[in-house]
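# Tertiary structure, described
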2 protein chains.
Amino acid sequence: MRSAEGRDSIVEAALRAFGERGIEATSLREVAKAAGVSPALVVHHFGGKEGLVAAVDEAALEEFGAAYEDETREGDDPTDLLRRRSAQTVRVMQEHPAACAYLGRALVEGTEGSARLFRLMIEGGRAEIDALAERGALREDADRLWATLQHFFLIWAPLSFMPLLEGEALDGPLLDEKILNRWADANVDLLRGGLYR
Amino acid sequence: MRSAEGRDSIVEAALRAFGERGIEATSLREVAKAAGVSPALVVHHFGGKEGLVAAVDEAALEEFGAAYEDETREGDDPTDLLRRRSAQTVRVMQEHPAACAYLGRALVEGTEGSARLFRLMIEGGRAEIDALAERGALREDADRLWATLQHFFLIWAPLSFMPLLEGEALDGPLLDEKILNRWADANVDLLRGGLYR
DNA sequence: CTCACCGCTGAACATCTGTACAGTCCTCGG
DNA sequence: CCGAGGACTGTACAGATGTTCAGCGGTGAG
């Protein structure tokens, strides 16, 4: 049973195509052609486009989650935690550009997997904020729900707006190392001390 | 010539439908039915779907731009400027929910009008940041390009992620007054002083 | 060997999409 | 009154899309 060969190539091609052109905008036939496979095989393996999207969601989340292993060491000061999380995010995005691009799309197209990702990010982010708050590192008047969402926006909005950014504001690919680092530094600065006096 | 009647009802219906379900996901026939009009009339007036999207872009941008009149008075301190801009945004979003929802969608679906909106927001935001910097209100080490983009994300990401937010994180419509105010306050707090110590 | 199984395909199908076209109704300038 | 023009419609069409189905070929268990 070398079943996985065709299946995996389909998921891989779909991940890439969905991430680049959008999920709804990409047809089964395009995915099949990119995977070097007949459209019927996609249906055979996944039952239809809906099943394909679910499988791609699964694959992207798994890849992302595996890369985003928790490296937190308790006891560090909050600025370090922020910096470490930031560097981690940069690394994940660099090493898994296709999965990140796909998830950025999925978040605004509303797939089921993206809702799961959103819940995970929100719950994890909230927990971390609460932990920082207990250590007295958070402004005591902070709105924790919206603080969590702000973190989420600062991280994911660039991915969802990627075409716009790359076409109108940046001078290169968002997932380029230099740009990614500038972005991450700016986020840390904003979260730590704001922009204005 | 009461030409505008049918035309306007089509644009209005399209704005609403595109904002709710997405542009690509909404067919000409749905728009026509919602406007109480035949699909052929849409083609007659706009030449096709592409033309419709352009017209809706135009209408949304005009509505948004007209509502977002510049009320800046020079000489105020930066915190006031931030608060005023914030209140202004809340007001615009409350009073023009359909246009805002549409623009949020358009930004991630990449219509031509959305690119124009993006450029406007970026240029305007950048100019304001530069002005604040000249008055010494900006952190001197701030990355002004990304600071501009951060402003943009904090304002527009919630609109683009609206279904996700309302389904998973908020306990009501994003464009509700209370929620909108909490959001705006959180943004001002973050931009002024960051979240952490 | 053989037979069931499974990955895989080509062709066909119904449906939905955007669009074209011929023609109807109404209004308005002459 | 009349003719032109434009808002508007019903119908039809070509193409794309997701999906179905009968069948091919190779592989592994009995």
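The sections below set out a description of the structure shown in this document. (Residues numbered from 1 in each chain as written. Chains lettered and ligands numbered in written order. Predicted model: local features only at pLDDT ≥ 70, side-chain atom pairs only at ≥ 80, totals over all residues.)

Below, the discussion takes up the relation of the copies chain A and chain B. Two copies of one chain are present, and they are related through a rotation about an axis combined with an axial shift. Under the fitted operation, chain A is carried onto chain B by 0.0 Å of movement along the axis and a turn of 180 degrees, and the coordinates agree to an RMSD of 0.0 Å. Look at the turn and shift together and you get a two-fold axis relating the two. Nearest to the rotation axis, the C-alpha of A:Gly194 is located 1.9 Å from it, this being the minimum over chain A. The fraction of interface residues of chain A whose copies in chain B are also interface residues reaches 100%, indicating that both copies meet through the same surface. (Least-squares fit on C-alpha atoms with pLDDT ≥ 70 in both. Contact = placed C-beta atoms within 7 Å.)

Around DNA strand D, 18 residues are found, and the nearest of them are A:Ser27, A:Gly48, B:Gly6, B:Ser38 and B:Ala40. Elements that contribute at least two residues to the surface near DNA strand D include exactly helix 2 (28-35), helix 3 (39-46) and helix 4 (49-67) of chain A together with helix 1 (4-21) and helix 3 (39-46) of chain B. Grouping the constituent residues of the surface near DNA strand D by class yields 7 nonpolar, 6 polar and 5 charged. (Near = placed C-beta within 6 Å. Helix = DSSP H or I, 4+ residues; strand = E, 2+ residues; numbered from the N terminus. Nonpolar A, V, L, I, M, F, W, Y, C, P; charged D, E, K, R; others polar.)

What follows deals with the interface of chain A and chain B. The partner chain B presents 44 residues to the 44 residues of chain A that form the contact. Looking at the side of chain A that touches chain B, the elements with two or more residues in it are helix 5 (78-95), helix 6 (97-109), helix 7 (112-134), helix 8 (144-160), helix 9 (162-168) and helix 10 (177-193) of chain A. At 9 residues, helix 10 of chain A tops the list of elements feeding residues into the side of chain A that touches chain B.

Around DNA strand C, 18 residues are found, and the nearest of them are A:Gly6, A:Ser38, A:Ala40, B:Ser27 and B:Gly48. At the level of secondary structure, the elements contributing two or more residues to the surface near DNA strand C comprise helix 1 (4-21) and helix 3 of chain A together with helix 2 (28-35), helix 3 and helix 4 (49-67) of chain B. A breakdown of the residues in the surface near DNA strand C according to their chemical character gives 7 nonpolar, 6 polar and 5 charged.

The topology assignment puts B:Arg139 in the loop between helix 7 (112-134) and helix 8 (144-160). Exposure remark for B:Arg139: the 15 C-beta atoms within 10 Å place this residue in the partly exposed category. (Buried ≥ 20, exposed ≤ 12 C-beta atoms within 10 Å, placed from the backbone.)

Residue and element names in this part refer to chain A. Inspection of the secondary structure puts glutamate 109 in helix 6. Note: C-alpha distance between glutamate 109 and tryptophan 156 (47 residues apart in sequence) is 14 Å. In this view, glutamate 109 contacts Gly22, Ile23 and Glu24; residues no more than four positions away in its chain are not counted.

Residues and elements named next belong to chain B. Put simply, helix 2 and helix 3 touch, their axes get as near as 8 Å, and they point 100 degrees apart. Taken together, the axes of helix 2 and helix 3 are roughly perpendicular relative to one another. Between helix 2 and helix 3, the residues in contact are Leu28, Arg29, Val31 and Ala32 and Pro39, Leu41 and Val42, respectively. Looking at side-chain class alone, the contact of helix 2 with helix 3 contains 6 nonpolar, no polar and 1 charged residues. (Axes fitted to C-alpha atoms, helices over the stretch in contact; angles between N-to-C directions. Parallel < 35°, antiparallel > 145°, perpendicular 65-115°, else oblique.)

Residues three or four positions apart in an α-helix share a direction because the helix packs 3.6 residues into each turn. All names here are of chain B. Helix length check: helix 10 (residues 177-193) (17 residues) gives 24 Å between terminal C-alpha atoms against 24 Å at 1.5 Å per residue, within 8%. Residues of helix 10 that are buried include every one of Trp183, Ala184, Ala186, Asn187, Asp189, Leu190 and Leu191, and no others. Looking one or two residues past helix 10, glycine 194 carries a phi angle of roughly 75 degrees, positive in sign. (Expected span 1.5 Å × (residues − 1).)

With that out of the way, let us pick up helix 5 of chain A. Helix length check: helix 5 of chain A (18 residues) gives 26 Å between terminal C-alpha atoms against 26 Å at 1.5 Å per residue, within 8%. Residues of helix 5 of chain A that are buried sit in contact with helix 6, helix 7 and helix 10 of chain A.

Looking at the secondary structure, you find B:Pro78 in helix 5 (residues 78-95). Spatially, the C-alpha atoms of B:Pro78 and B:Arg192 are 9.2 Å apart, while their sequence positions differ by 114 residues. When sequence neighbours within four positions are dropped, the list of residues in contact with B:Pro78 reads A:Tyr196, B:Leu132, B:Arg135 and B:Ala137.

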